[in-house]
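Take a look at the letters that make up each chain.
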Amino acid sequence: MNTRLTIAISVSFFLTPAARLLAAGDHPGPAQQPQLQQFPQTTSRAQQNSMQTREVSKADISNGIKKHIANDIKKSSDRKFHVKYQNKGLALDLVKVHDDRLSSVGGGKYFACVDMKASNGAIYDIDFFMAGQPGSTRVTETSVHKINCKPLYNWKEEIGVWKRVRTS
């Protein structure tokens, strides 16, 4: 019951215009999907179980990103996570997975954000996009979003779809 209430409140928050304005620019959030408004207010237990088994949870996203990073570190000779930025390879250590930034962005795609540290002390905010089913998500895209808290790009929602926009 608490889980349903938390989900309902979270969905309500992200579907309100004020919430989209507050969230815009930092990281993508759940896309507004008109078909959600067409669902009946009540669903059968079988329908609820069916919907729950197909959704990837925040725990699945968190575990998937941690597993992806751990696998890359394990394969690396220097035990660092490697990502390309401006045609250069960055060797980074995981600082934090932002569990508060994990979200579904619609269409079976998910978002995760992590902080990583370079040997020179610079902190990189790395955005990961993932796809898949519960228990088997895979990273489809990785990009450097911020360096030492300075964004390289922002996010803007346009008609229910989050898009990258250049910073001014």
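Residues numbered from 1 in each chain as written. Predicted model: local features only at pLDDT ≥ 70, side-chain atom pairs only at ≥ 80, totals over all residues. Heavy atoms only, no water.

(A) A look at the packing of aromatic side chains. According to the stated counting rule, one finds four aromatic pairs in the structure shown. Between Y153 and W155, the ring centres sit 5.6 Å apart and the planes meet at 85°, which makes this aromatic pair edge-to-face. Side by side, Y153 and W155 carry an identical accessibility label, which is buried. One aromatic cluster is present, formed by F111, F129, Y153 and W155 through successive ring pairs. A cation sits over an aromatic face here: R164 above Y153, 5.0 Å from the ring centre. (Phe/Tyr/Trp six-rings, centres within 6.5 Å; stacked < 30°, edge-to-face > 60°. Buried < 20%, exposed > 50% of the residue type's maximum accessible area, 1.4 Å probe, protein only. Lys NZ or Arg CZ within 6 Å of the ring centre and 35° of its normal.)

(B) The pairing of strand β8 (residues 153-158), seen in detail. Where burial is concerned, the two faces of β8 differ: the one with Y153, W155 and E157 is buried and the one with N154, K156 and E158 is not. Here six bridges tie β8 to strand β9 (residues 161-166), and the two strands are oriented antiparallel to one another. Opposite Y153, over in β9, you have R166 as the bridge partner. (Helix = DSSP H or I, 4+ residues; strand = E, 2+ residues; numbered from the N terminus. Pairing = 2+ DSSP bridges.)

(C) Representation of the pattern of salt bridges within the structure. Throughout the structure, instances matching the rule amount to two salt bridges. Notably, a salt bridge pairs K80 with D93, separated by 2.7 Å at the nearest N-O pair. Of the two residues, K80 sits in the loop between α4 (58-75) and β1 (81-85) while D93 sits in strand β2 (residues 88-97), which places them 13 residues apart along the sequence. Residue K80 is classed as partly exposed on the basis of its relative accessible area of 22%. (Salt bridge = Lys/Arg side-chain N within 4 Å of Asp/Glu carboxyl O.)

Shape descriptors only; they carry no functional weight alone.
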